[in-house]
Amino acid sequence: MSYAETEIASQPACWRRAAALADGHRAVLPAAGERIAVVGCGTSFYMAQAYAALREGSGQGESDAFAASEFPYGRTYDRIVALTRSGTTTEVLELLGRVRPASRTVAVTADPHTPVREAADGLVVLDFADERSVVQTRFATSALTLLRAHLGLHTEDAVRDVETALAEPLPEGLLERTQFSFLGRGWTVGLAHEAALKMKEASLAWTESYPAMEYRHGPVSISTSGTATWMFGAAPEGLAEQVRATGAQWVEGGLDPLADLVRVQRLAVARAAALGLDPDAPRHLTRSVVLDQG
């Protein structure tokens, strides 16, 4: 088995541990009513989008999400949350250095023995969810589980759903599809973006991702026999029928959307195996992007 397969399979245990940590980190995680920004790069940016939408949507405060390289330094926030598996990503470390002391900062990381320990005011360590694979799976979902639990939005049902996502066969015919579109609404838009990234990284798939209602505004034109459209959460009325009418395969799981993301992780690894690719070491990628500042 690849490292990615092992790490994907470990997620139910990781989610339980991450959720249990939430209460003990209330002092460093955002309080209700705070104006916050959540930042990250790659997968962590998409998890930031999901968390920000969940937090603001549940009435707990204005919450923005940015790629670390695109942070608007002219804005002020009560607290900035940085998601960084490695704790070494250049853009995240630069951002944390620039915003202090005007904003309080907290980093959620898998490795406490990295520069992020000194760069952030507070630290949440998910070392049990660290990964050997370049492709992020369990750290990303565990970080979002921690944050969902902090918001009071995590339940044991989500863990049972991820166990189901790992146990049940993938939908038939997906491995033969040549293109994948992933759709979301609200907080699941971030999950759709992450699903598309995962398929690209691990299996070099042609993928796209959109807010579900936007799919009708042009992108549906690529749907045809041989493509698949995967919806995270409940679909807008009539969209499934419209996509099926194109001949495309429609996928809409009844699981917790974060658990449904794990099904995409499995699909990405299975597709990599079918193509003879190594999901642990995607081409052109490294575990962390550290830029030469010289």
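Residues numbered from 1 in each chain as written. Predicted model: local features only at pLDDT ≥ 70, side-chain atom pairs only at ≥ 80, totals over all residues. Heavy atoms only, no water.

### Observations regarding the sheet that holds strand S8 (residues 227–231)
If you walk across this open sheet you meet the four strands as S7-S6-S8-S9, and the pairing is parallel. Unpaired on one side and paired on the other, strand S7 (206–211) and strand S9 (249–252) mark the two borders of the sheet. Direction aside, the axes of adjacent strands within the sheet are offset by 20° on average. Pairing of strand S6 (residues 179–184) with S8, which is carried by five bridges, proceeds in the parallel orientation. By the bridge assignment, Phe182 is partnered in S8 with Trp230. Each of S6, S8 and S9 touches helix H10 (residues 257–275); the most contacted strand, S8, lies at about 155° to it. (Pairing = 2+ DSSP bridges. Helix = DSSP H or I, 4+ residues; strand = E, 2+ residues; numbered from the N terminus. Axes fitted to C-alpha atoms, helices over the stretch in contact; angles between N-to-C directions. Contact = heavy atoms within 4.5 Å.)

### What to know about the sheet that holds strand S5 (residues 122–125)
The sheet built from five strands is open, its strands ordered S2-S1-S3-S4-S5 with parallel pairing. Where the open sheet ends on each side, the last strands, each with one partner, are strand S2 (63–67) and S5. Shown here is a sheet whose adjacent strand axes are inclined to one another by a mean of 20°, direction ignored. Where helix H4 (residues 90–99) meets the sheet, its contacts fall on strand S1 (36–40), strand S3 (79–84) and strand S4 (104–109), and the angle it forms with S3 comes to roughly 165°. Each of S3, S4 and S5 touches helix H6 (residues 138–150); the most contacted strand, S4, lies at about 135° to it.

### Notes on the pattern of salt bridges
Taken as a whole and assessed by the stated rule, the structure comprises 14 salt bridges. Its salt-bridge partner being Asp157, residue Arg160 comes within 2.3 Å of it at the nearest N-O pair. On the criterion of helical spacing, the pair formed by Arg160 and Asp157 is a turn pair, its members being three residues apart in helix H7 (residues 156–167). By relative accessible area, which is 43% here, Arg160 ends up partly exposed. Asp157 sits in the partly exposed class, given a relative accessible area of 44%. Residue Asp260 is joined to Arg263 by a salt bridge in which the shortest nitrogen-to-oxygen separation is 2.7 Å. Residue Asp260 and its partner Arg263 are located together in helix H10, separated by three residues, close to a single helical turn. Comparing Asp260 with Arg263 shows no difference in burial state: the two are buried. (Salt bridge = Lys/Arg side-chain N within 4 Å of Asp/Glu carboxyl O. Buried < 20%, exposed > 50% of the residue type's maximum accessible area, 1.4 Å probe, protein only.)

### Overview of a nonpolar patch on the surface
On the surface, a nonpolar cluster with roughly 240 Å² of combined accessible area is contributed by Leu204, Leu275 and Leu277. Locating Leu275 in the fold gives a position in helix H10. The partly exposed category is assigned to Leu275, whose relative accessible area is 48%. (Patch = residues over 30% accessible without salt bridge, like charges linked within 9 Å, V, L, I, M, F, W, Y side chains within 5 Å. Areas by Shrake-Rupley, 256 points an atom, 1.4 Å probe, with all protein chains shown as cover.)

### A closer look at H10
Spanning 19 residues, H10 covers 27 Å between terminal C-alpha atoms, matching the ideal 27 Å at 1.5 Å per step. The N-cap of H10, judged by a side-chain oxygen 2.9 Å from the amide nitrogen of Leu258 a few residues on, is Asp256. Just beyond H10, the residue with positive phi is Gly276, at close to 75°. (Expected span 1.5 Å × (residues − 1). Polar contact = N/O pair within 3.5 Å; in protein donor to acceptor, adjacent residues only side chain to side chain.)

Treat this as a map of the structure, not an account of what it does.
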